[in-house]
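Each chain, letter by letter, is given below.
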Amino acid sequence: MRNNVDITFHPSWWYKHTGVEFDEKFWFDTDYRIEADIVMRRKLYEYFGDFGIGEKEPAPRPILFSDLLACGFLYSQILGCEVLFERDNAPQVLSAKLTGEQIRFLQPIDLDNSPIWQKIQQQIDELQSKFGYVESAINLMGIQNIALDLLGEELFLYYYDDESDLHTHLLDVITQLSLDIGKRLYAVSNVVSGGVTSIIKQTCPDVYLTSNCTVAMISNDLYCEKLLSYDIQLAKAFPCFGIHHCGSNMENVIEGYLQVPNLRFLEIGAGSNYSEIAKSIAGKNIISCIRYSPVTLKTDTAESMAKRTEEAILAFGSDEKLCFSCVGIDKDVDVEKIRQYLHVFRRRKNEP
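Just so it is clear, the model here is predicted, and its values are computed rather than measured.

Chemist: Got a minute to help me understand the pattern of salt bridges in this structure?
Modeler: Side chains that differ in sign of charge can pair as their charged atoms come close. Applying the stated criterion across every chain, the model contains 18 salt bridges. One salt bridge connects K43 with E46, and the closest N-O pair in it is separated by 3.0 Å. One end of the pair, K43, and the other, E46, are both in helix α3 (residues 30-48), 3 residues apart, so they sit about a helical turn from each other. Look at K43 and you get buried, because its relative accessible area is 15%. When the shortest N-O distance is used, the salt bridge between R184 and D180 registers 2.9 Å.

Okay, structure coming up:
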């Protein structure tokens, strides 16, 4: 799997370099998004085409949301959160701050009668009618990520002091929604996880990749007690399973993650202990994606980029089952810095 590398940008970078706007029309107007997608892929080729990124003459494609940035909001919006859209920023989910009473009466979502989902279904129908297929890049938001959007930090108090198990009901409803959306996306698209990390298309296209960003905030014991069963439900429902953990401490929960069946892909946050993770997954058929911090990218030298990459590869013993990504690169990162990062992999490719 040597030399699989990808880059993904924050909306502010796209707005600065292309003028594409990320208000509601980008997410819900298929015509605008298809045109924007063409502009974005052409810009990638202009800056990074010599690294095999982007397209010189991009054709329209039936993209649902986008695999050129990573933004999660849809599941929380369907469940009642307000979302703020801005032209140069990712959609901002406002916590619903549900009360205990609201959680108690929260019902599973019937997507066929959900106004928000029907906007998505209309796009699916339009794209299938025009192109004959759909490329879904909806961000598959993780169970706890969504729960925090609905409840806020009070969720953690519920974990420790909830005799009525209201938080369990909340997580059950979220998981049922995730299962329903996932099955609908697999029914129309060959790849469903490109909106979590675009490198999935090159490495493990069948995977359902859940976004466990906020699991970095809890212990392995708490993950196993409160969340593991939900990831297992997802893993059993889809062809194969992956976990995105962008926090800098995946080693803290790797033993819990390895209890999930059908696990084929791990996205490992920058700053995690690669040696510990590599030791834990040794001998298992798991592809690991090493995340490079977009914040570090701003100031790193070409030499330090190469050193960080080599350290990760050495920890795993080889790059046979490794891929690499830098996600969320914003408008303040120079194009030359990004090219330096990509050049690390060109040099490796040219090694004997």
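Here the narrative resumes.
Chemist: Please explain helix α6 (residues 115-131) as it appears in this structure.
Modeler: With 17 residues, α6 extends 24 Å between its outermost C-alpha atoms, agreeing within 8% with the 24 Å of an ideal straight helix rising 1.5 Å per residue. Buried within α6 we find I116, W117, I120, Q123, I124 and L127. All buried residues of α6 lie within an arc of 115° about the axis, which places them on one face of the element. Opposite its buried face, α6 presents the exposed residues P115, S129 and K130, each directed more than 90 degrees away. Positioned one or two residues after α6, G132 has a phi angle of 90°, which is positive.

Chemist: Help me out: how do you make sense of the packing of α6 against helix α9 (residues 166-188) in this one?
Modeler: Any two packed helices are characterised by how steeply their axes cross, that is the angle between the axes, and by the distance between the axes. Interaxial distance between α6 and α9 falls to 12 Å at its minimum, and their mutual angle equals 10°. Of the possible angle classes, the one that applies to α6 and α9 is roughly parallel. Residues W117, Q121, I124 and Q128 of α6 lie in contact with α9, whose contacting residues are I181, R184, L185 and V188. Split into classes, the residues belonging to the contact of α6 with α9 amount to 5 nonpolar, 2 polar and 1 charged.

Criteria and cut-off values
Residues numbered from 1 in each chain as written. Predicted model: local features only at pLDDT ≥ 70, side-chain atom pairs only at ≥ 80, totals over all residues. Heavy atoms only, no water. Salt bridge = Lys/Arg side-chain N within 4 Å of Asp/Glu carboxyl O. Helix = DSSP H or I, 4+ residues; strand = E, 2+ residues; numbered from the N terminus. Buried < 20%, exposed > 50% of the residue type's maximum accessible area, 1.4 Å probe, protein only. Expected span 1.5 Å × (residues − 1). Arc of directions from axis to C-beta. Axes fitted to C-alpha atoms, helices over the stretch in contact; angles between N-to-C directions. Parallel < 35°, antiparallel > 145°, perpendicular 65-115°, else oblique. Contact = heavy atoms within 4.5 Å. Nonpolar A, V, L, I, M, F, W, Y, C, P; charged D, E, K, R; others polar.

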